[in-house]
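Understanding the architecture of this molecule
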4 protein chains.
Amino acid sequence: MGQIGGGQGSFIGRIHRMAAGLDGEIELVCGAFSSDPENSKITGAALYLDPRRVYANYVEMIESELDLPADQRMEFVSIVTPNHMHYAPAQMALESGFHVIVDKPLVFSLTEAKSLRKTVEKTGRVLAVTHTYSGYPLVKEARAIVSSGRLGAIRKVYVEYPQGWLSTAVENSGQEQAIWRTDPARSGAGGAIGDIGTHAAHLAEYITGSKLTAINAFLNTFVKGRKLDDDSSMLVKFDNGASGVLFATQVAAGEENNLNIRVYGEGGGLEWRQEEPNTLVLKWLDKPKEILRTGGGYVSEGARNNTRTPAGHPEGYLEAFANIYLAFARAVRDYELGKRIIPEKYDFPGVEDGVRGMAFIDAVIKSAHSTQKWTPLV
Amino acid sequence: MGQIGGGQGSFIGRIHRMAAGLDGEIELVCGAFSSDPENSKITGAALYLDPRRVYANYVEMIESELDLPADQRMEFVSIVTPNHMHYAPAQMALESGFHVIVDKPLVFSLTEAKSLRKTVEKTGRVLAVTHTYSGYPLVKEARAIVSSGRLGAIRKVYVEYPQGWLSTAVENSGQEQAIWRTDPARSGAGGAIGDIGTHAAHLAEYITGSKLTAINAFLNTFVKGRKLDDDSSMLVKFDNGASGVLFATQVAAGEENNLNIRVYGEGGGLEWRQEEPNTLVLKWLDKPKEILRTGGGYVSEGARNNTRTPAGHPEGYLEAFANIYLAFARAVRDYELGKRIIPEKYDFPGVEDGVRGMAFIDAVIKSAHSTQKWTPLV
Amino acid sequence: MGQIGGGQGSFIGRIHRMAAGLDGEIELVCGAFSSDPENSKITGAALYLDPRRVYANYVEMIESELDLPADQRMEFVSIVTPNHMHYAPAQMALESGFHVIVDKPLVFSLTEAKSLRKTVEKTGRVLAVTHTYSGYPLVKEARAIVSSGRLGAIRKVYVEYPQGWLSTAVENSGQEQAIWRTDPARSGAGGAIGDIGTHAAHLAEYITGSKLTAINAFLNTFVKGRKLDDDSSMLVKFDNGASGVLFATQVAAGEENNLNIRVYGEGGGLEWRQEEPNTLVLKWLDKPKEILRTGGGYVSEGARNNTRTPAGHPEGYLEAFANIYLAFARAVRDYELGKRIIPEKYDFPGVEDGVRGMAFIDAVIKSAHSTQKWTPLV
Amino acid sequence: MGQIGGGQGSFIGRIHRMAAGLDGEIELVCGAFSSDPENSKITGAALYLDPRRVYANYVEMIESELDLPADQRMEFVSIVTPNHMHYAPAQMALESGFHVIVDKPLVFSLTEAKSLRKTVEKTGRVLAVTHTYSGYPLVKEARAIVSSGRLGAIRKVYVEYPQGWLSTAVENSGQEQAIWRTDPARSGAGGAIGDIGTHAAHLAEYITGSKLTAINAFLNTFVKGRKLDDDSSMLVKFDNGASGVLFATQVAAGEENNLNIRVYGEGGGLEWRQEEPNTLVLKWLDKPKEILRTGGGYVSEGARNNTRTPAGHPEGYLEAFANIYLAFARAVRDYELGKRIIPEKYDFPGVEDGVRGMAFIDAVIKSAHSTQKWTPLV
């Protein structure tokens, strides 16, 4: 694996590296860690990389790696730059025959997303988007439970993503994460809806196996001078007849990263909260609630295969993240064996999920500007 | 106190009686417990009432009690009939000089509500509506905290009221509570939004001290053949610039009575859940969350005065209900001493709250039928 | 009902009155509320009692009530004085033909307890001890579950009762509750073990249906100058082969009234916490945990019959307390109909439970003074 | 790093490898993964190791690695065999100049432990014992809070470790983990008390900064035919005057890995539960409880330095485990730079902790066989 982005000062770059390294299946062999070559060099050294494989930029990295013998070069790139810097390296990597794993949202705009999808289709290479939360074992269990029909036909979906860290203008005090996320030139058209709303939308679609079809959204920018939304709430409809509420806000003062979802069907419901991710609550019309736990002997195969420790030994965010990397790595390996890769089979979010994320951002913004109640999401 | 409604088969009638009786300040002296005189008689006997004061209907009750010497007759009536049977007895009681405490929603329609308000104003008698949840000590604490400004200007309000008991067509299997609540002729124009949505709206306004000004609602009737909504969700705006989400549903299978609210200001937030009502969570931008508990030595006067037991001795629904009755009783006593009664001073929901509840139902239904996003609530 | 004790400044007296009054089945008709006749008079007036039935002391009360015609006199006395003042009024009341309900612990010493048991046997009158916590619906459910054998043979019992209110020498600052509880002349030989340890012991025996047989105890007095234990912990054995841990402490700073119990059998376990009393957790070897809730349609008859509100409308301490009063009142009524009363049948704690409580205090103190590990409890 | 043990069928070996690999600071370069050379070979291959460095046994591994040039050989060994196979490889590794990290309990017996301590002292090499739970950020925070004196002098410590997986005779159905743990020849004299009791004891001493001085223990073997204890409970005393309860059981049916601790001082208390490790509750005499969270801006340096993700991105067991490895690796690096290593400074459990663990097992067993209440723990 070669990494693009993730130099000193980056948060998500280190997360990707830990997730990739957890299982001993993936080795970081090169990187272009920063637009600042000095930062890149220092980062590479701290990671014990061969200095010859620490590059000044992604173009140099891809070209140089291509020059190496096939069994020595990196097999895929991990892109962890701000959103506006996803598309170009992803395109070049795919065109050069490398596989790609990219942080969410997929790219900067829906147009870029559709273009990238074409490239994936054309090159046949594997592309994954790190919608991390779908990597949690009990999220997979939730999906399996809905799919099994045990809850009956789904009627209601409530998915929430409150954070509080943008309650004040932290972007004005040098917080690097806040700076680019509140900058339309780097983040894209969505603020909170892009940064975390796309996670919420993906989680809802992943667990229910249904697609969002219509959005009735209200956006706010509470912090003065901020150029993107920092708060969103919306009513939503799904293609299976269900409806619900989705909200994603970064001004819920005192909240950390409280993504959570509740799904109700005709005969029962489920509830999962990311901050206590090893517990999944099932609720029933006529019997006691049930508490499912990561590692429980009763969980389905998908959950079990994504669990590393016995029940009661909590797994967290990095393990969920690592599950995406592992699934991606399995697909890459199978590709090299000549198989055709369908992301669903490996259970990682692929380019189609990425395109839907961008379409979601698009529809939310359209809806927010409309006086009409419902805006379609296609 | 004389009770109208609450005969055998009634749920809320017994609740009102327990709440009224808890503190030894209110005595049930008469009743017209049912439109079925036999039921009324049996109920009265089981309550150890003087058979002469168990009446066949409310007209007879009010007239007969008026015939008693002033120091022997009931002082107020408690109305616990289905919604369509609130208005007439309330009107007659007030006109006859009795005070009134009535279950929510206030009446059958906004028109009736406004008419009743006039009667209250005209007669000067005390009227309370049992928006029970505002009787909880920590709800009062939440209100005090918002009012103190500790959270900063309020930005977001999320109030939810999921229940699951109407997930199936229980009204077809003889469940009396379900039958009248799903019958527009007895319940009024609102289903879930009237039965529980009004509680959610009242709670949000009570805690924030702000008024709902606009509604963007979506209503569903999931159970076939049902004539009223059994599910609602809406985006809402408040007069102080805050916005939020309100949902009230009776088809969230597996939920009991999970009313809950979260309020976020510029510097902090709060969270309260009715099913664990003795805990109030405060969340802060820069310091640990705090857990406030009923009976804690640190709570404000309003919470303390509505608490009966020391911290750790849980109080519940009946105690909250009793707090409404106690505040109403204090007002009645003060009225008899010649004071003019302003419900806010006694901290119980009055006719104005009742009118707002009916206006809320009205606005939600209008919004649900509109293709426009926002419908004003005045 | 006539009350002995419970004047101004008393905590538990008002609790008993609210519990007795909740269901409209019991009426307070007289009282000797305080050793200070003025206090008694004021208390009686505040309770709207006939001044002629507010007495200067319990002797006067019992004698005067006996002088009333049988259908006008009180039927039973409720004794809520400090522990050293339980025995004499209970004896006199029973000998005079009145039934007795008395706060725990039963009396001042094991000797008094055994003597009182004889009087109960001799007079045949009904006596209840308010081990409140056994009145909670889900405690009854827990007992039913153990009794059903669903957990298998019981192996381990952990029962804890941490409070923090005696962490400092509050008895020196005029806190009336603390003063008599830390005074051996009024409280008896046990401090924390008498005040709350007896509740824990009763709860464990009630839920498991087993008896404590041996105690290995360690007592502390952490606050300087205090004359009784304020902290206890002990290993315990049961007559069914189970063993466990019991602790009761009043110096667990920051704890409110955190009585809780866990019971494990061969195939499963249960957990109940008094501070969230409407939830009972079942744990299983091979399947998800289950959450039982007060009012759930699946609970057993004993739990259902002790529940007043639908699921999700929380019940608390006063309702549990009222359940003891209701069961006692049913027994009193049946007695008057000529039946012989066996407390177990009515499911309230009787004189035998009271005697066991005193024997428990006795054994704990013996054990604490012994260098031998185990002291029998008979 | 070279690993001894951890072949196919091992649980803890893979855990160690993931923990070591998480941060990209430690590389697995060789191993003797099993007493079965074939298993070792297969394991090494699956880990992408150079086949020449996959050894048939630890003697071969240590000797062969010593033959490599100093800059190519492993720097330390990770020992993850059953307890009876800790001592010999640890001794040989230390004597050969390698550092050692070893799973708990340190060795098979107190005698071995003391002998190993001598070797550590003699060789000066770094030795760590993986008392994983002290690696959690909020455990470090708890230690810092006690040490700061914020809770006042500590009075009570309750530490519990209930598991349920040995409720039945799983060792008879081929469960490898259960087989050796219930075999005195491989596990040592302690069953539950060795496997998990030592963790509980270490956690209590780590957080309080105090030492256990006396034990009053009761041991059970509930499952027929089992040769070691599967259940323990004990009263304990600490050197600072505090006392408490410790229990560790593997027959608490339905429990997973529910290690938890509560500590109370004169003015406040704290509570931490391993199954939700990102939350630490502080309790106070006179103010609301506080909820501290991993990654919160307010935590102390020790907690912060052991955290990888922002607040709300849960960390778990592997991250805690990795913290032990990281601290050990820092010490190893400093050793190589010529520094003298004191484990406390690096905040990892060292040989002294390991010796205490063995002394704990010893004292508990002595106490369990004694009729005297208290057995000293030195």
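Residues numbered from 1 in each chain as written. Chains lettered and ligands numbered in written order. Predicted model: local features only at pLDDT ≥ 70, side-chain atom pairs only at ≥ 80, totals over all residues. Heavy atoms only, no water.

Here we look at the interface of chain A and chain D
Every contact between the two is made by 32 residues of chain A and, on the other side, 33 residues of chain D. Both faces considered, chain A and chain D share a buried interface measuring about 2800 Å² in area, 52% of it formed by carbon and sulfur atoms. On the surface where chain A and chain D come into contact, there are 8 salt bridges. The salt bridge partner of Arg 293 of chain A is Glu 256 of chain D, with a shortest N-O separation of 3.0 Å. Taken together, chain A and chain D are joined by 18 residue pairs in polar contact (both at pLDDT 80 or more). (Contact = heavy atoms within 4.5 Å. Buried area = accessible area lost by both parts, 1.4 Å probe. Salt bridge = Lys/Arg side-chain N within 4 Å of Asp/Glu carboxyl O. Polar contact = N/O pair within 3.5 Å; in protein donor to acceptor, adjacent residues only side chain to side chain.)

Details of the packing of helix α5 (residues 110–123) of chain D against helix α13 (residues 351–369) of chain D
Residues and elements named next belong to chain D. Between α5 and α13, the shortest axis-to-axis distance is 9 Å and the interhelical angle comes to 165°. The angle between α5 and α13 places the two elements in the roughly antiparallel class. α13 is crossed by α5, and the crossing has left-handed handedness. Seen from α5, the contacting residues are Leu 110, Ala 113, Lys 114, Leu 116, Arg 117 and Val 120; seen from α13, they are Val 351, Glu 352, Val 355, Met 358, Ala 359 and Asp 362. Of the residues that constitute the contact of α5 with α13, the class distribution is 8 nonpolar, no polar and 4 charged. (Axes fitted to C-alpha atoms, helices over the stretch in contact; angles between N-to-C directions. Helix = DSSP H or I, 4+ residues; strand = E, 2+ residues; numbered from the N terminus. Parallel < 35°, antiparallel > 145°, perpendicular 65-115°, else oblique. Left-handed = near helix turned anticlockwise from the far one by under 90°. Nonpolar A, V, L, I, M, F, W, Y, C, P; charged D, E, K, R; others polar.)

Remarks on the side chain of Glu 315 of chain B
Residue and element names in this part refer to chain B. Tracing the backbone through its elements, the reader meets Glu 315 in the loop between α10 (301–305) and α11 (317–336). Arg 308 provides the closest opposite charge to the buried, salt-bridge-free Glu 315, at an N-O distance of 4.2 Å. Among the polar contacts listed, one links the side chain of Glu 315 to the backbone nitrogen of Thr 309, at a separation of 2.8 Å. (Buried < 20%, exposed > 50% of the residue type's maximum accessible area, 1.4 Å probe, protein only. Lys, Arg positive; Asp, Glu negative; His and termini not counted.)

A closer look at the packing of aromatic side chains
Per the counting criterion, the structure on display carries 49 aromatic pairs over all chains. Between the aromatic rings of Tyr 136 of chain B and Trp 272 of chain B, the centroid separation amounts to 5.2 Å while the plane-to-plane angle is 55°, which identifies the pairing as tilted. On the criterion of sequence distance, the pair formed by Tyr 136 of chain B in the loop between β5 (127–129) and α6 (137–148) and Trp 272 of chain B in strand β11 (residues 268–273) is long-range, its members being 136 residues apart. The residues Tyr 136 of chain B and Trp 272 of chain B share a single accessibility class, namely buried. Here the aromatic rings of Phe 321 of chain C and Tyr 325 of chain C are separated by 6.3 Å at their centres, their planes lie at 25°, and the arrangement is stacked. Taken as a pair, Phe 321 of chain C and Tyr 325 of chain C lie in helix α11 (residues 317–336) at a separation of 4 residues, close to a single helical turn. Relative accessible area serves as the criterion here: at 0%, Phe 321 of chain C is assigned to the buried category. (Phe/Tyr/Trp six-rings, centres within 6.5 Å; stacked < 30°, edge-to-face > 60°.)

Brief notes about the relation of the copies chain A and chain D
Superposing chain A onto chain D takes a rotation of 180° plus a shift of 0.0 Å along the axis, which leaves an RMSD of 0.0 Å. When the rotation and shift are considered jointly, the pair of chain copies conforms to a two-fold rotation axis. Interface overlap between copies: 100% of the residues of chain A at the interface are likewise at the interface in chain D, consistent with a symmetric, same-surface contact. (Least-squares fit on C-alpha atoms with pLDDT ≥ 70 in both.)

Focus on the interface of chain C and chain D
Chain C puts 48 residues into the contact, and the matching count from chain D is 48 residues. Summing both partners gives a buried area of about 3600 Å² for chain C against chain D, and 53% of it is carried by carbon and sulfur. Where chain C meets chain D, there are 6 salt bridges. Taken together, the connections running from chain C to chain D amount to 21 residue pairs in polar contact (both at pLDDT 80 or more). Mapped onto the side of chain C that touches chain D, the elements with two or more residues apiece are β6 (154–162), β7 (212–220), β8 (231–238), β9 (243–249), β10 (260–265), β11 (268–273), β12 (279–284) and α13 (351–369) of chain C. The biggest single contributor to the side of chain C that touches chain D is β8 of chain C, with 5 residues.

Let's talk about the confidence of the model for chain A
Here chain A averages 97 in pLDDT, while 100% of its residues score no lower than 70. Interface scoring of the predicted complex returns ipTM 0.96; its pTM is 0.97. (pLDDT = per-residue confidence, 0-100.)

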